There are 4 protein chains.
Amino acid sequence: VENTSRHRLETFSDGVFAIAATLLVLGFTVPSGNDLGSGLLHLGPAYLAYVTSFLTIGIIWINHHTVMDTIARVDRTFLFVNMVFVLVVAFIPFPTRVVAEHLHERAAVVMYGGTILLMTLVFNVLWIYACKDRRLIGASVPDSSIRAITQAFYVGIPLNCLVILLAIFTPLGGMILAFSITAFYLPGVTLLDRS
Amino acid sequence: VENTSRHRLETFSDGVFAIAATLLVLGFTVPSGNDLGSGLLHLGPAYLAYVTSFLTIGIIWINHHTVMDTIARVDRTFLFVNMVFVLVVAFIPFPTRVVAEHLHERAAVVMYGGTILLMTLVFNVLWIYACKDRRLIGASVPDSSIRAITQAFYVGIPLNCLVILLAIFTPLGGMILAFSITAFYLPGVTLLDRS
Amino acid sequence: VENTSRHRLETFSDGVFAIAATLLVLGFTVPSGNDLGSGLLHLGPAYLAYVTSFLTIGIIWINHHTVMDTIARVDRTFLFVNMVFVLVVAFIPFPTRVVAEHLHERAAVVMYGGTILLMTLVFNVLWIYACKDRRLIGASVPDSSIRAITQAFYVGIPLNCLVILLAIFTPLGGMILAFSITAFYLPGVTLLDRS
Amino acid sequence: VENTSRHRLETFSDGVFAIAATLLVLGFTVPSGNDLGSGLLHLGPAYLAYVTSFLTIGIIWINHHTVMDTIARVDRTFLFVNMVFVLVVAFIPFPTRVVAEHLHERAAVVMYGGTILLMTLVFNVLWIYACKDRRLIGASVPDSSIRAITQAFYVGIPLNCLVILLAIFTPLGGMILAFSITAFYLPGVTLLDRS
């Protein structure tokens, strides 16, 4: 029974991840005006926001599986925190659309960074709840793995604070940092103990 | 063969739950006007409607699995009532969008509450059909569990009537009640005999 | 290996059914104007189109599983015809939106009926290809079941021709017939040899 | 553990394929104006783009499974390249919408062909990475199968370059070639060693 609950929670979360990632494409608007080619090239902000959000959701999907792999059972609180977590993930297409249309406005990138930060925070709460006193952790998972995962996840918090801080001074800079974290830094860290 | 039917019905329903929840984000409109930051803050009604609907779908997803866990087989009537049930769940993104754009209008919140009430009613029909004379219930499920589930589900009916009644006098109040039920009350009741 | 192919084809098709059904809700437009309540009531055509299309996709989902249950293996042609079939199913949200906005125009309901007819035709091709000389049928399936399925599926062709014919004279009448077929007639026929 | 990773990657990718294919229908716009029937007939470009993209995604879905069938394990690089691959697949609904609205403009069809070419390139990188020195290939897969798959996939690159070249001179011609490749040529080649 316990394993069934875990399996369902995983299936529901996976569904939300895949759908949210695929809905990102609806943030693109077909350019109007005489020169279609130039209009398509000037969608730069939309392309940047799309790639950043898609990779972010992809990484969080991998991290979510890392968590689920260590867990032996789920309880009511875990189920509820996970629901709040996927609620935030499913919200990502909206700030992505905002950035796509207003890349050079501070409010857009601050909201984008804030959403990713909120997602990272809820994800850390989910993990910390699960591994406090090894509450939900399977017996076969060594303590060293738990510590390594905790550290890898924690890194996301200061990084996303940095995105928001930078966005206050230069929105474009903040978005480029968000993209760089997703494309270059996090893949290495988060996948470390899988292969 | 029977178990396959049950499994498919579950997979189809789960798919609709996850997609309907993730489509809710399309209810947000990027604000136009000079001040983007203030525009994003004034989306308050949209955030409230999004969170309420997402958690409502999340809870109904959990409840649906509680039902499926007690069921040994499905028949034609159950299949048809379930189809009507997911039809109502898949409709939720529309009243959510209506509330997001017209939080202070009576018709919007009454329609929202009416949709959730209709979903709750169809869900109760589904359950009552299944457990009348233990028609579709597995032999290993004790009568006490059935009674507990019946009571937990029934509570949703008067609660959602209250939302509609309150919305007639104060639309915002009705919506805040809908949110509170979803966020504070129902999680405790409905998950009682799982964890 | 064969069973894996069959399983994947089923999963892909099921995904398209669930997503297409859930996307139907995007056909609703929040009414503008002074009186929201009256605007919501005047969405009648949209509600009719939504319910008809949702139940149609639900029934075709059940029928598709009836087919897959009798099949022992899939080949290249079956895979391709099935791809064309889900292509037509995934198209249904568009004629649904057209009917929702133009219920009283002949072209709208003729196109709607034509899409459902096309889907029924391709589905019959899929089934006839599979059961010709029991090409892909499992050894344990009796001939009588095959005949019963063939007859049940075939009925959809003249019924949908009738919808188109009626729509030429009275679009509303055609749509009400389409709804009635889906809600009252087909569930009985198609589920006959399951339950 | 390795098999679980492979299975998840497959499930996530399958989800994106099914959702991206089903989202294509959102590219259709209900025609405005007096004559609805003529408006619906003049959506020709949208129908052509829809069918081409749907079949393209269907074929790539089959090809992706062909790859996954030969693979014994996945590593970090494979996971990342696959993420980039589904990112490009999930983008297809946008160029499809662009072509649907601007079939006769060079920029539209060049962008469309460019997206399919990019998808084909990333897919070839994914495969070449996996089969270089049989890095991730299962022991039971014969070398002859690997060579056959490599050749079948490679064909997509020059074919899609041809689409782009033709589109520069005649956008409509380029799109008809893209459709023809998808409908007539590729199904034969890519399914060769399945059936």
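To be clear, the structure that these remarks concern was listed above.
Residues numbered from 1 in each chain as written. Chains lettered and ligands numbered in written order. Predicted model: local features only at pLDDT ≥ 70, side-chain atom pairs only at ≥ 80, totals over all residues. Heavy atoms only, no water.

Attention now moves to the interface of chain D and chain A. Facing the 30 residues of chain D at the interface are 34 residues of chain A. For the chain D and chain A pair, buried surface summed over both sides reaches about 2,900 Å², with 76% attributable to carbon and sulfur atoms. Summed over the three residues of chain D that lose the most area to chain A, namely D:Arg8, D:Phe12 and D:Arg76, the buried surface amounts to 24% of that side. Between A:Glu10 and D:Arg8 there is a salt bridge whose closest N-O contact spans 3.2 Å. Counting every contact that joins chain D to chain A gives 6 residue pairs in polar contact (both at pLDDT 80 or more). Ranked by residue count, the leading element in the side of chain D that touches chain A is helix 1 (residues 2-23) of chain D, at 9 residues. In terms of residue class, the side of chain D that touches chain A is built from 21 nonpolar, 2 polar and 7 charged. (Contact = heavy atoms within 4.5 Å. Buried area = accessible area lost by both parts, 1.4 Å probe. Salt bridge = Lys/Arg side-chain N within 4 Å of Asp/Glu carboxyl O. Polar contact = N/O pair within 3.5 Å; in protein donor to acceptor, adjacent residues only side chain to side chain. Helix = DSSP H or I, 4+ residues; strand = E, 2+ residues; numbered from the N terminus. Nonpolar A, V, L, I, M, F, W, Y, C, P; charged D, E, K, R; others polar.)

All names here are of chain B. As for its placement among the helices and strands, Asn 82 is situated in helix 4 (residues 76-91). The exposure class assigned to Asn 82 is buried, which follows from its relative accessible area of 3%. A distance of 3.1 Å separates polar atoms of two side chains, one belonging to Asn 82 and the other to Ser 13. Discounting residues that sit within four places of it in the chain, Asn 82 has contacts with Leu 9, Ser 13, His 64 and Leu 126. (Buried < 20%, exposed > 50% of the residue type's maximum accessible area, 1.4 Å probe, protein only.)

If you walk through the whole model with that rule in mind, you get 20 salt bridges over all chains. In this structure, B:Asp133 and B:Lys132 form a salt bridge, with 3.7 Å as the shortest nitrogen-oxygen distance. For D:Asp143, the salt bridge is made with D:Arg134, and the minimal N-O distance between the two is 2.5 Å. Among the residues examined, D:Asp143 registers a relative accessible area of 43% and is labelled partly exposed. The exposure class assigned to D:Arg134 is partly exposed, which follows from its relative accessible area of 28%. Connected through salt bridges with shared partners, the residues A:Arg6, A:Glu10, A:Asp69 and D:Arg8 form a single ionic network.

So, on to the environment of A:Ala148. All names here are of chain A. You can see Ala 148 is positioned in helix 7 (residues 143-154). Residue classification places Ala 148 among the partly exposed residues on the basis of a relative accessible area of 36%. When the C-alpha atoms of Ala 148 and Ile 181 are compared, they prove to be 19 Å apart, with 33 residues separating the residues in sequence.

Moving on, we come to the relation of the copies chain B and chain A. It takes a turn of 90 degrees to lay chain B on chain A, together with a shift of 0.0 Å along the axis; the resulting RMSD is 0.0 Å. As the rotation angle and translation indicate, the two copies are arranged about a four-fold axis. Closest approach to the rotation axis among the C-alpha atoms of chain B is made by B:Ile19, whose C-alpha sits 4.8 Å away. Comparing contact sets, just 9% of the residues at the interface of chain B also lie at the interface in chain A, consistent with a heterologous contact between different surfaces. (Least-squares fit on C-alpha atoms with pLDDT ≥ 70 in both.)

Turning next to the relation of the copies chain D and chain A. The transformation that overlays chain D on chain A combines an axial shift of 0.0 Å with a rotation of 90 degrees, and the residual RMSD is 0.0 Å. Residue by residue, only 10% of the interface of chain D is reproduced at the interface of chain A, so the copies engage with different surfaces.

This part takes up the packing of aromatic side chains. Scanning the model with the defined rule gives 52 aromatic pairs over all chains in all. Ring geometry for B:Phe94 against C:Phe28: centres 4.8 Å apart, planes inclined by 25 degrees, an arrangement best described as stacked. You can see B:Phe94 sitting in helix 5 (residues 93-101) and its partner C:Phe28 sitting in the loop between helix 1 (2-23) and helix 2 (36-41), one on each of two chains. Assigned by exposure class, B:Phe94 and C:Phe28 land together as buried. In this structure, B:Arg135 packs its charged tip against the face of B:Tyr129, placed 4.0 Å from the ring centre. (Phe/Tyr/Trp six-rings, centres within 6.5 Å; stacked < 30°, edge-to-face > 60°. Lys NZ or Arg CZ within 6 Å of the ring centre and 35° of its normal.)

Residues and elements named next belong to chain C. Orientation of helix 6 (residues 106-131) relative to helix 8 (residues 156-169), taken along the N-to-C sense of each, is 170 degrees, at an axis distance of 9 Å. Between helix 6 and helix 8, the angle is such that the two are roughly antiparallel. Packed against helix 6, whose contacting residues are Arg 106, Val 109, Val 110, Gly 113, Gly 114, Ile 116, Leu 117, Thr 120, Leu 121 and Asn 124, the element helix 8 presents Gly 156, Ile 157, Asn 160, Cys 161, Val 163, Ile 164, Ala 167 and Ile 168 at the interface. Residue composition of the contact of helix 6 with helix 8, by class: 11 nonpolar, 6 polar and 1 charged. (Axes fitted to C-alpha atoms, helices over the stretch in contact; angles between N-to-C directions. Parallel < 35°, antiparallel > 145°, perpendicular 65-115°, else oblique.)

Listed as interface residues are 34 residues of chain B and, on the opposing side, 30 residues of chain A. Both faces considered, chain B and chain A share a buried interface measuring about 2,900 Å² in area, 76% of it formed by carbon and sulfur atoms. Per-residue buried area on chain B facing chain A is highest for B:Thr22, B:Val30 and B:Trp61; these three make up 20% of the total on that side. Run the count over chain B and chain A and you get 6 residue pairs in polar contact (both at pLDDT 80 or more). Top contributing element to the side of chain B that touches chain A by residue count: helix 3 (residues 44-70) of chain B, with 10 residues. Residue classes in the side of chain B that touches chain A are distributed as 23 nonpolar, 8 polar and 3 charged.

These results come straight from atomic positions and should not be treated as a statement about function.
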